[in-house]
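Spelled out from the first residue to the last, the chains are:
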Amino acid sequence: MDCVALAEYLEALSRELRVGEPLVAAFTSITPTHGAVTAAFGPACDLVVEGHPLSTALEVVATRIHSADVALAAQALSCAAAIGGPAAATLDGAGAVLRDRAAMAADIRAQSAQARLSARVLTIVPVAFATWSFATGARNRHTYLASPVGAICLVAGAALNLAGWSWMRRIVGHGAQ
């Protein structure tokens, strides 16, 4: 789920709390109106409407959806419901953390863009060169397809290219997530 959508949801709840709305009433009125967030928190909203405590209903969300961002939002809401105190400040703080996570993810994607492009080029160029060589020269086709050594080189090159693609994807993928 999108961190920014969750942050906007928590901020909407916080606004309702600041004008004097109780947390449970704000939760049941705001949750159905926030698109993707409704899918995550909708079952909890239904349980609250049925009379279950908010903190118990939010446990359903935490066990059903395996997302650190949703877990943070559910935990902030659960703490605000169970402990009390300045609930609006708690929700604002959780929203700020979610926005920071989104900004950090965008920054990581931007900084890893050059590495991702290099990985694509290093993967595509050998395949493109081999295809071009096969298409333009009968001698190349004969060398690679008719001789056992050529076939072994072709298979080894394809295997090494695939291994290199997998390795680069793993290295760059850790930074882009």
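All figures in this text were calculated on a predicted structure; none of them were measured in a lab.

So, how was this worked out
Residues numbered from 1 in each chain as written. Predicted model: local features only at pLDDT ≥ 70, side-chain atom pairs only at ≥ 80, totals over all residues. Heavy atoms only, no water. Phe/Tyr/Trp six-rings, centres within 6.5 Å; stacked < 30°, edge-to-face > 60°. Helix = DSSP H or I, 4+ residues; strand = E, 2+ residues; numbered from the N terminus. Buried < 20%, exposed > 50% of the residue type's maximum accessible area, 1.4 Å probe, protein only. Contact = heavy atoms within 4.5 Å. Core = buried A, V, L, I, M, F, W, Y, C linked by side-chain atoms within 4.5 Å. Polar contact = N/O pair within 3.5 Å; in protein donor to acceptor, adjacent residues only side chain to side chain. Expected span 1.5 Å × (residues − 1).

Under the criterion given, the structure shown has 3 aromatic pairs. Ring centres 6.0 Å apart and planes at 40° place the aromatic pair F129 and W132 in the tilted group. With a gap of 3 residues between them, F129 and W132 both fall in helix α7 (residues 113-136), about one helical turn apart. The exposed category is assigned to F129, whose relative accessible area is 53%. Following the ring pairs from residue to residue traces out a cluster consisting of Y9, F27 and F41.

By the element assignment, S78 lies in helix α5 (residues 68-83). The class for S78 is buried, based on a relative accessible area of 17%. Apart from the residues lying within four places of it in its own chain, the contact partners of S78 are S55 and L58.

In this section: the environment of P126. Along the chain, the position of P126 falls in helix α7. In this structure, P126 is in contact with V121 and N161, ignoring residues within four places of it in sequence.

Moving on, we come to the nonpolar core. Most often, soluble globular proteins keep nonpolar side chains buried together rather than apart. Ranked by internal contacts, the top residues of the largest apolar core, which has 34 residues, are Y9, L10, L13, F27, F41, L77 and L91. Where this core is concerned, the elements lending two or more residues are α1 (3-18), α2 (23-30), α3 (35-49), α4 (54-64), α5 and α6 (87-111). With 8 residues, α1 is the largest single contributor of residues to this core. Excluding its chain neighbours within four sequence positions, the residues that come into contact with L13 are A26, F27, I30, L77 and L91.

Let us now look at the side chain of S112. Summarising the element assignment, S112 is placed in the loop between α6 and α7. Classification of S112 as buried rests on a relative accessible area of 9%. Side-chain polar atoms of S112 contact the backbone oxygen of R109, separated by 3.3 Å.

Right, let's talk about α6 for a bit. Spacing of three or four residues puts side chains on the same side of an α-helix, whose turn is 3.6 residues. Here α6 is 25 residues long and its end C-alpha atoms lie 36 Å apart, about the 36 Å a rise of 1.5 Å per residue gives. Residues A87, A88, L91, A94, G95, L98 and A102 constitute the buried set of α6. Looking at the buried residues of α6, the elements they touch are α1, α2 and α5.

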